[in-house]
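# Examination of the molecular architecture
Each chain, written out:
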Amino acid sequence: MPPAEKPKTACKLEYPVYVRLIVESDPTQAESLAAQVEGLLRADDGFALYDFHVTPDASNATIAFDALRTVQHTDPASPEHKESALTVNVKADSSVKSTETTLWSWVPLLEVRHNPGDAEDTATLAVFISQVIHRIFTEEQNTISYLLEETAFTSGRPIKQPSPEIKAELDAKKTRAFKYASTYHLTFSLFTSSALPASWDVEEALESTIQPLINRFSGISHFTVDTQVQLYASFSPSIAGPQYDDTSREWQLQRSDLSGFINAAEWPLSPGIGAGPTINFVLFVPSQDQSPLVIAENGGNSWLIPQWGGVQILNPAGKQPDKLTAHHLEPVMLTFADQLSTLLGLPSSPPSLALRIQSLTRERATSIIVSASSTLGALARLSLKLKSIAIPKSVANSVDETLHHLDQACRALHAGQFHKALENARTAEDEAEEAFFEPSMVGQVYFPDEHKVAVYVPLLGPMGVPLVMVLVKELRAFIKRLREKKSQKAKDE
Amino acid sequence: MPCQDGDEAVKRTLVAAPLADAVHTSNWAVLVSTSRFWFNYRHLANTLSLYRTVKRLGIPDNQIILMLPDDMACNPRNTFTGSVFNDKSRLLDLYDDKGALEHLGMGGIEVDYRGNEVTVENFIRLLTDRWPTSHPHSKRLMTGPQSNVLIYMTGHGGNEFLKFQDSEEISSFDLADAFAQMYEKKRYHELLFMIDTCQANTMYNAFYSPGVIATGSSAKDQSSYSHHADQDVGVAVIDRWTYFYLEFLETYLNSTASDVRLGELFDYQTYDRVHSDAGVRYDLFPGGELAAREKRVLDFFGNVQGVEIEDGLKSSQIDWKKDLEALQKLAAKVEGEQEDVEGVHDSPIATAAGKLNASGPKATLDMAHASDSFLKKIAGAASLVVLGGAWMASSALTKQAAIK
C-alpha cells in the first residue's frame, strides 16, 4: 500500500477573512482607508485566529452590489474562488448626524453612512469601521476558541478564551444544537386532541417560510422534509396534564409536564428515516374544552427540546377550524424557523443572516476537523490498548484517507475556501468513522487461562504424552549407552 | 524506534477531549435476557418488566434495545397463551399489545434481537456500533456524547462471566473493553449498568471507563434467588432483586415529575429483601459516591427531555419574517441565475453521498478473513505433519534400539 502523503506539520487553523471596501463618496480615499482598517484589525489580539485582508474596490458601488449578488452564487468549490466575507460600502449622507451603519440581512453588506460635513478624517472612520467589524466577528471568534479549547490545534498559540459567562452560554448552545450531519430529516407533525382540525395547509406554509431558510443552509447540509397529521393524540399518562386556572381562565401546563409532554409510546415520532438525525417539529392543537392551553411559567406556547426539536401549542380563536390555513400557520412556521436555526447551531449574532450562515460554515468546518481528529485519536489509543484486536487493512486505508482529507481541509481553510474545507472535513469525518466502526474489529478479546487450557489440553495432550514418554525412554537409553561405553573404556584400559 | 515515535505523536496531537460536562439530552436503554427455555421464564419476565418501566417513563421504543432469546408468550407450555406475567396475581400482562387504555400496558412490544440473534458477538457489536452497513438503524445503539445509557442484563452467570444461551459467555473483561470503546468514541454521557445473576457483583470489577455506575444483585460466591413462583404458570416468575427494583420504581416513580435519587433506589435493595448482598460500584463516576447517589433515577430510567421555554419570541418573529420575506424576494429575483448554478452548488454533497453508497458494499461483513484463515490452516496442517513426523521418527528409533 503506497503511503499517503503526510502533512509535514500539524495543521494550524487560521481563518482568512476577505473584506471588500467600497468608498462610494470618494473612491480615491478607498486605498488608504482599507490599509488603515486592515492594520487596526490585525493589531487586535483578540483575533489571533483570523487573518484579515481588506481590499479597496474602486468600482462603482451599484455595479459592485450587483456583483455581490453573483458572488453568492459562484461555484464555491472552484480553486481560485476566494469567498469575500464582507463588503463594506462607505456612503456620504448629509442627513445623518453622526456616522451610522446598516447591516444587510441577506447579503453580507455593511453600509456605512457618514456626514461629509463632519470634519472627520480617515483615521476616525477607520477606527469606527474596524470596531463594527470586530463586533460582527465576536460571537464566531468565541465559538471557535471554545471549539478549539484543549485540543492540540491551539497548542503554543495565545488564543484568548472567552469569559466564564460566555462559556456557559456556549455550553448551553452546544447542548442545544444537533451534532453536524450532512443530512437532516425535518418532520413536521400536527397532533390534535380531538377530530379537528383534521388537515393543514402545511405545504404552502413550508414553501414560504422553511424552504427559503433551508435553501440557504444547503451549502452546509441537506434536508428532507416530512409531514404528518395525527388525530385524537392523547397526553402521556406519566404527566399530570393541564390544570385549569380560574384567574386567567386558561388551561396551564407546568414546566415539569413539558419535559414529558411528548407521548413517546403513542405518537408516531420514531426517526426511522435513514442515516442522519431527525429534527422533530410538533404542533399540538388542544381540544375545545381544554383551550386555551398555555405554559404556566410565562403564558407562552412554544418550547425547545435540545437535540430533539421544537413543540408548539396552537389555540385557534373561536371554534376549532376544520383546516388550519396558511394564515394560521404563518406565526407557527416562523417560530419553527427560529427553532430550526437554533437547533442547527446558527449563531445569534450578527443580525445579518448571510453573515451568520458564513460563520456557521466556518464553525462547522472547525468542529468536524476537531471531531475527525479526535476519532482518529480514539482509534489510535484503542489499537494500543486492546492489543489482541485484529485491525484489517481497510482501516489503515481509511486512516490514510482521513489524514489526506484533513490536510486538504486545512489547506482550504488557509486559502479562505470555507466550503471546500467543510466538504473535505466531512469526507475526513466519514472516513474516520468508517475506520473506527469497522465491522470486523469485534470479537471476544479476553479469554481466561482456564479456557485456553480447556481448549488445548484435549488436542495436545494425547499427542504430547507419547512424545514425552519416548523422549524419556530415549534419554534413558542414551545415558545407558554412555555408561556402557564408559565401562567398556574402563575395561579396555 | 520510529514506530513508537509515531504512536507518541498520535497520543500527543490527538488528546481525548473530555466528555461534555453538560447535561444529557437523550436516554437509551439496553435490556438483555441471556437465557432461553421455559424454566428460565423469570429472566424474560424480568427484562419485559424493565421494558415496561422505561417505556412508561417515556423512553421511546426506538431508543430501547430489547434482546429476548426466547418467546415465553407463545411457548407451548404456557397455559396463558400470549401473556407473560411477573407476579402471581397476574394483574399485569407484560406482553399486552392491546394498548394503553385497557391494562395500562404499553401498546406493543418491539423486540430488537430475538432467539439466536442474542449472542455475545451481537451484544458487543451493539455496544461498539460495529455493524455491516446493511444493519437497520432501529436495531442500533445510536448514542452520542450527551446520551445516558441504561444497561440491564439478566441470566445465569458465575464469577466474572455471564452465560449467553447455554452456548457461550461474556466475561467481565469483554464488557469492560466494550465500555472503554464506547467511552473513547464518546458514545455515552453517563452509563448505569445493572445485572441480576448469581455472583453478579463480580461482573463489574473489571470496568475502568469513567462515567459508569454499576450495580449487581449478589456478591461473589452468592446466588441470586427468584422471588416467587406462580403455580398455574408452573415456574418462578421473577427474580428477587428485579422484583424489588420494580416495586420501588412502581411505588415512587409515578410520573416524569418524580424527584427520586439513585441512592434511595440502591438502598432499597437490603439483604432482608434480596437475600443476597446487592452491590454498587461508584468509583468510576465523576464525583464518586456522593454525586452518583444524587443522580435522579429518571436520568436513567426515563426520558426527561430538557426544556427551554422561549421568551420574547414576538420580536424575533418579526425579524424572521423580514429575513424570510427578503430571502423569498431575492430567490425570486435570481431564480433565473440560480437555475444553472444550483447544480454546481449541490455537487459537493452529492458526490460525498455518492461516494458513501459506493463504499457501501465494500464494508459488508467479512468475518472470515479468507486469506488469513487459509494461512492459519496451512500453518496448523504443517505443525501436525511435523509432530506426526517426529512421532514416526521416534518410534522408528525405538524399534531400531529394540532391534539392537
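Calculation criteria
- Residues numbered from 1 in each chain as written.
- Chains lettered and ligands numbered in written order.
- Predicted model: local features only at pLDDT ≥ 70, side-chain atom pairs only at ≥ 80, totals over all residues.
- Heavy atoms only, no water.
- Pairing = 2+ DSSP bridges.
- Helix = DSSP H or I, 4+ residues; strand = E, 2+ residues; numbered from the N terminus.
- Axes fitted to C-alpha atoms, helices over the stretch in contact; angles between N-to-C directions.
- pLDDT = per-residue confidence, 0-100.
- Contact = heavy atoms within 4.5 Å.
- Salt bridge = Lys/Arg side-chain N within 4 Å of Asp/Glu carboxyl O.
- Buried < 20%, exposed > 50% of the residue type's maximum accessible area, 1.4 Å probe, protein only.
- Domains from an automatic or database assignment.
- Buried area = accessible area lost by both parts, 1.4 Å probe.
- Nonpolar A, V, L, I, M, F, W, Y, C, P; charged D, E, K, R; others polar.
- Core = buried A, V, L, I, M, F, W, Y, C linked by side-chain atoms within 4.5 Å.
- Polar contact = N/O pair within 3.5 Å; in protein donor to acceptor, adjacent residues only side chain to side chain.
- Expected span 1.5 Å × (residues − 1).
- Bend = angle between axes of the 7 residues up to and from the residue.
- Phe/Tyr/Trp six-rings, centres within 6.5 Å; stacked < 30°, edge-to-face > 60°.
- Lys NZ or Arg CZ within 6 Å of the ring centre and 35° of its normal.

Residue and element names in this part refer to chain A. Pairing in this open sheet of 3 strands is mixed, and the strands run 9-10-12 from one edge to the other. Sheet topology places strand 9 (243-245) and strand 12 (293-295) at the edges, where each strand pairs with a single neighbour. Going across the sheet, the axis of each strand differs from the next one's by a mean of 45°, ignoring polarity. Strand direction decides the pairing type here: strand 9 and strand 10 (residues 250-253), joined by 3 bridges, are antiparallel. The partner of glutamine 243 across the bridge, within strand 10, is glutamine 252.

Further remarks concern the sheet that holds strand 2 (residues 50-56) of chain A. All names here are of chain A. Strand order in this open sheet of 5 strands is 2-1-3-5-4, and the pairing throughout is mixed. Two strands lie at the open edges of the sheet, namely strand 2 and strand 4 (100-103), each paired on one side alone. In this sheet, neighbouring strand axes are inclined to one another by 20° on average, regardless of whether the strands run parallel or antiparallel. Alignment of strand 3 (residues 84-92) against strand 5 (residues 109-114), held across 6 bridges, turns out to be parallel.

This part is about the confidence of the model for chain B. All names here are of chain B. Looking at chain B, the pLDDT average stands at 78 and 77% of residues meet or exceed 70. Here residues 1-22 scores under 50 on pLDDT; set against residues more than four positions off or in separate chains, the count is 24 contacts. pLDDT under 50 marks residues 336-370. Its contacts with residues more than four places away, or in other chains, come to 38 contacts.

A complete count under the given rule lists 31 salt bridges over all chains for this structure. Between lysine 385 of chain A and glutamate 184 of chain B there is a salt bridge; the shortest N-O distance is 3.8 Å. With one member in each of two chains, lysine 385 of chain A in helix 9 (residues 353-385) and glutamate 184 of chain B in helix 5 (residues 172-184) form a pair that bridges those chains. Between arginine 90 of chain B and aspartate 232 of chain B there is a salt bridge, and its shortest N-O distance comes to 3.3 Å. With arginine 90 of chain B in the loop between strand 2 (64-68) and helix 3 (100-103) and aspartate 232 of chain B in the loop between strand 10 (226-229) and strand 11 (236-239), this residue pair connects regions lying 142 residues apart in the sequence. Arginine 90 of chain B gets classed as partly exposed once you look at its relative accessible area, which sits at 25%. Beyond isolated ion pairs, a larger network of salt bridges with shared partners links Asp259, Arg261, Glu294 and Arg296 of chain B.

For the rest of this paragraph, the subject is the domain arrangement of chain A. All names here are of chain A. Under the domain assignment, chain A is made up of domain 1 (15-154), domain 2 (179-343), domain 3 (353-445) and domain 4 (448-493). Taking only C-alpha atoms into account, the centre of domain 2 sits 35 Å from that of domain 3. Residue-level contacts link 8 residues of domain 2 with 9 residues of domain 3. Looking only at domain 2, the three residues that lose the most surface to domain 3 are Tyr180, Arg216 and Ile220, adding up to 60% of its buried area. Seen at the junction of domain 2 and domain 3, the total is 0 salt bridges. Residues belonging to the side of domain 2 that touches domain 3 are distributed by class as follows: 5 nonpolar, 2 polar and 1 charged.

Another aspect to go through is the nonpolar core. Note that soluble globular proteins tend to have their nonpolar side chains buried in a common cluster. Among the nonpolar cores identified, the biggest contains 89 residues, and Val88, Ile133 and Ile210 of chain A are the most heavily contacted of them. With 10 residues, the single largest contributor to this core is helix 9 of chain A. If we skip the residues at most four places from it in the chain, isoleucine 133 of chain A touches Val19, Val37, Leu41, Phe52, Leu86 and Val88 of chain A. Counting residues in each nonpolar core, the second largest holds 52 residues, with Val54, Tyr152, Tyr245 and Phe266 of chain B among its members.

Right, let's get into the pairing of strand 13 (residues 302-305) of chain A. Residues of strand 13 of chain A alternate between two faces, with Ser302 and Leu304 of chain A on one and Trp303 and Ile305 of chain A on the opposite face, all of them buried. Bridging between strand 13 of chain A and strand 14 (residues 309-313) of chain A involves 4 bridges; their strand directions are antiparallel. By the bridge assignment, isoleucine 305 of chain A is partnered in strand 14 of chain A with glycine 309 of chain A. Hairpin connection between strand 13 of chain A and strand 14 of chain A: a loop of 3 residues separates the two successive antiparallel strands, and glutamine 307 of chain A in this loop has a positive phi of roughly 55°. Relative to strand 13 (residues 308-309) of chain B, strand 13 of chain A runs antiparallel, the two being bridged by 2 bridges. From the neighbouring strand, leucine 304 of chain A faces strand 13 of chain B, where its bridge partner is glutamate 308 of chain B.

Now for the side chain of histidine 24 of chain B. Residues and elements named next belong to chain B. As for its placement among the helices and strands, histidine 24 is situated in the loop between helix 1 (2-13) and strand 1 (26-33). Reaching out from histidine 24, the side chain makes a polar contact with the side chain of asparagine 27 at a distance of 3.2 Å. For histidine 24, the side chain forms a polar contact with the side chain of asparagine 148, separated by 3.5 Å. Setting aside residues up to four positions removed in sequence, histidine 24 forms contacts with Gln146, Asn148, His189, Asp299 and Val304.

A word on helix 8 (residues 326-343) of chain A. Residues separated by three or four positions in an α-helix point in the same direction, a consequence of the helix having 3.6 residues per turn. Residues and elements named next belong to chain A. Between its terminal C-alpha atoms helix 8 stretches 24 Å, which fits the 26 Å expected from 18 residues at 1.5 Å a residue. The largest bend in helix 8 amounts to roughly 25° and is located at valine 332. Extensive coverage of helix 8 is indicated by the burial of 13 of its 18 residues. Following helix 8 by one or two positions, glycine 345 has its phi on the positive side, about 85°.

Given a rise of 1.5 Å per residue, 13 residues ought to cover 18 Å, and the 18 Å separating the end C-alpha atoms of helix 5 of chain B matches this to within 8%. Counting buried positions over the 13 residues of helix 5 of chain B gives 11, a clear majority of the element. Every buried residue of helix 5 of chain B is accounted for by Ser172, Asp174, Leu175, Ala176, Asp177, Ala178, Phe179, Ala180, Gln181, Met182 and Glu184 of chain B. Those residues of helix 5 of chain B that are buried lie in contact with helix 9 and helix 11 (418-436) of chain A together with helix 4 (120-128), strand 4 (147-154), strand 7 (168-171) and strand 8 (190-196) of chain B. Among the residues trailing helix 5 of chain B, lysine 186 of chain B stands out with phi positive, at a value near 55°.

All names here are of chain A. For chain A, per-residue confidence averages 81 on the pLDDT scale, and residues scoring 70 or more make up 89% of the total. When the elements of chain A are averaged for pLDDT, helix 2 (residues 61-71) gives the smallest value, 52, and strand 11 (residues 278-285) the largest, 92. Low confidence marks residues 1-8, where pLDDT is under 50. Its contacts with residues over four positions away, or in another chain, come to 7 contacts. Scored below 50 in pLDDT, residues 70-81 shows 19 contacts in the model against residues more than four places distant or in partner chains.

Glancing now at the packing of aromatic side chains. Tallying each qualifying case throughout the model produces 33 aromatic pairs over all chains. Judged by centre distance (5.3 Å) and plane angle (85°), the rings of phenylalanine 261 of chain A and phenylalanine 284 of chain A are edge-to-face. Here phenylalanine 261 of chain A is found in the loop between helix 7 (255-258) and strand 11, whereas its partner phenylalanine 284 of chain A is found in strand 11, with 23 residues between them in sequence. Summarising the burial analysis for this pair, phenylalanine 261 of chain A and phenylalanine 284 of chain A share the class buried. With 6.1 Å between their ring centres and 40° between their planes, phenylalanine 123 of chain B and phenylalanine 164 of chain B make a pair best called tilted. Residue phenylalanine 123 of chain B is found in helix 4, and its partner phenylalanine 164 of chain B is found in strand 6 (residues 161-164); the two are separated by 41 residues along the sequence. No difference in accessibility class separates phenylalanine 123 of chain B from phenylalanine 164 of chain B, as the two residues are buried. Linked through ring pairs, Phe191, Phe235, Phe261, Trp267, Phe284 and Trp303 of chain A together constitute an aromatic cluster. It is arginine 36 of chain B that lies over the ring of phenylalanine 37 of chain B; its NZ or CZ is 5.9 Å from the centre. Taking NZ or CZ as reference, lysine 139 of chain B lies 5.0 Å from the ring centre of tyrosine 113 of chain B, over its face.

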